[in-house]
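# Tertiary structure, described
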Amino acid sequence: MKSYYEILGVEPDATQEQIKSAYRKLAKKYHPDSQDDDPSAKARFQEISEAYAALSDPEQRRKYDYMGHEAYRRTNTQNSSASYETEDGHCGACDLGRKKEEEGPPPGSIRMAVRLTLSETLKEVVKPVVFYTKEKCPRCQGDDADIEYVECPICEGKGKRVQFESSWGYKTRREVFCNTCRGKGKIPRQICPECHGLGHQEKKWEFEVKVPAGSYERQYFFLEDIVCGEKEKVQQIECGGKNLIVVVLLDEDPQFERKGYHLYSACDVDYTTLVLGGKIKVPTIEGDVWHTIPEGTQLNERVRLISRGLVRPKKMGGRGDQYIALNIRIPQNLTERQKEALRVFHQTLQEEGAAGV
């Protein structure tokens, strides 16, 4: 059986950046969405994800190197399927916990969201993304202060302070963590004015990304692949070798209700069109379209527009449908001629016994 290093095509002494780069190339090549005609692609993709889950985490990698491939897999698999969990609690190497969902982003990746309207999923759009990283304070270099320390006056240098609690008339004494010195027993004589004693500063990163047409909710992209002309800036980010992932999220539209990849909406129709049939104007995420309804259409019938819903993932194919509920539009401010025509119509229905048909 191949080792995880052989699966990713790297040497045992490979750096984290080399492991990350190898994973990205293989993940793009074997992702099920890009291998519609290859039934073995999903298994290969899971194998690659399993290897990356182990080798991208320094602690897991040390454990793997120490135990060896077989022993590591025996202690890290369940029902013969690897189950490495990502930060969102889902499995990044197999389908456990994600039975009907798409394969998620690589384990341990740093994720940022790009929000699209429903109509924007159908076309290529440029959108801003923002995320933050913590970097050592340039002044104190993470040491909380740039001058000498003094003993913490609260815990008197112990790192813990005494706390009394009363319960049912009895007092109990216990030692608790000192929040003032954060357990160190000492505090800086002067707080660093740059980071205010935190030891780090928050840095804001802003990019513009080009999201391709045909995107769907929870689809993800590597930031480097879709960023607009700032790849050198992306490479400057200190992220510990983790993948920078852009995840697609969709904004709701008050005109439509989403159920999976299908859309549901309502449309007002006048009574005569329902009775005689005709064309109605229906709002869709691509704009208004004209749709012909047959003669005698009932209000409890739903109009179905095939492939007018949201884009599905490639391995599912196509788009969802749109379903329209018809609401009758009652005219107001009728002329006398129109009212008379309605009276005649109503009278003929009663005379011919067709009322309620």
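Up top is the structure these notes are about.
Described in the following lines is the structure provided in the data block. (Residues numbered from 1 in each chain as written. Predicted model: local features only at pLDDT ≥ 70, side-chain atom pairs only at ≥ 80, totals over all residues. Heavy atoms only, no water.)

## Some words on the pairing of strand S15 (residues 287-293)
Threshold: Strands were regarded as paired on the criterion that DSSP finds at least two bridges between them. Runs of E in the DSSP output that reach at least two residues are strands. Runs of H or I that reach at least four are helices, and both are numbered from the N terminus.
Pairing between strand S14 (residues 278-284) and S15: seven bridges, direction antiparallel. Bridging across to S15, Lys279 finds its partner in Thr292. If you look at the hairpin formed by S14 and S15, you'll find two residues sitting between the two strands.

## Brief notes about the pattern of salt bridges
So the rule is basically this: Here, a salt bridge means any side-chain nitrogen of Lys or Arg that lies within 4 Å of a carboxyl oxygen of Asp or Glu. Only protein chains enter the accessibility calculation, which uses a 1.4 Å probe. A residue is then buried if its area is under 20% of the maximum for its type, exposed if over 50%, and partly exposed in between.
Here the structure, examined in full by the defined rule, presents 15 salt bridges. Note that Asp270 is salt-bridged to Arg329, the shortest N-O span being 3.7 Å. Residue Asp270 is found in strand S13 (residues 262-270), and its partner Arg329 is found in strand S17 (residues 322-329); the two are separated by 59 residues along the sequence. The class of Arg329 is partly exposed, set by a relative accessible area of 41%. What you see here is one network of salt bridges that share partners, running through Arg24, Lys28, Glu224 and Asp225.

## A short note on the packing of aromatic side chains
Defined as follows: Here a pair means two rings of Phe, Tyr or Trp (six-membered ring of Trp) with centres within 6.5 Å. Their orientation is stacked below 30 degrees between planes, edge-to-face above 60, and tilted elsewhere.
Applying the stated rule across the entire model yields eight aromatic pairs. For the ring pair Tyr4 and Tyr64, a centre distance of 4.7 Å and an interplane angle of 25° mean the geometry is stacked. Taken together, the positions of Tyr4 in helix H1 (residues 4-8) and Tyr64 in helix H4 (residues 58-67) put the pair 60 residues apart, joining distant regions of the chain. Looking at Tyr64, the relative accessible area reads 5%, which means it is buried. Both rings, one in Tyr271 and one in Phe345, keep their centres 6.5 Å apart while their planes meet at 65°; by these two values the pair is edge-to-face. Within this pair, whereas Tyr271 is found in helix H8 (residues 271-276), its partner Phe345 is found in helix H9 (residues 336-351), the two being separated by 74 residues in sequence.

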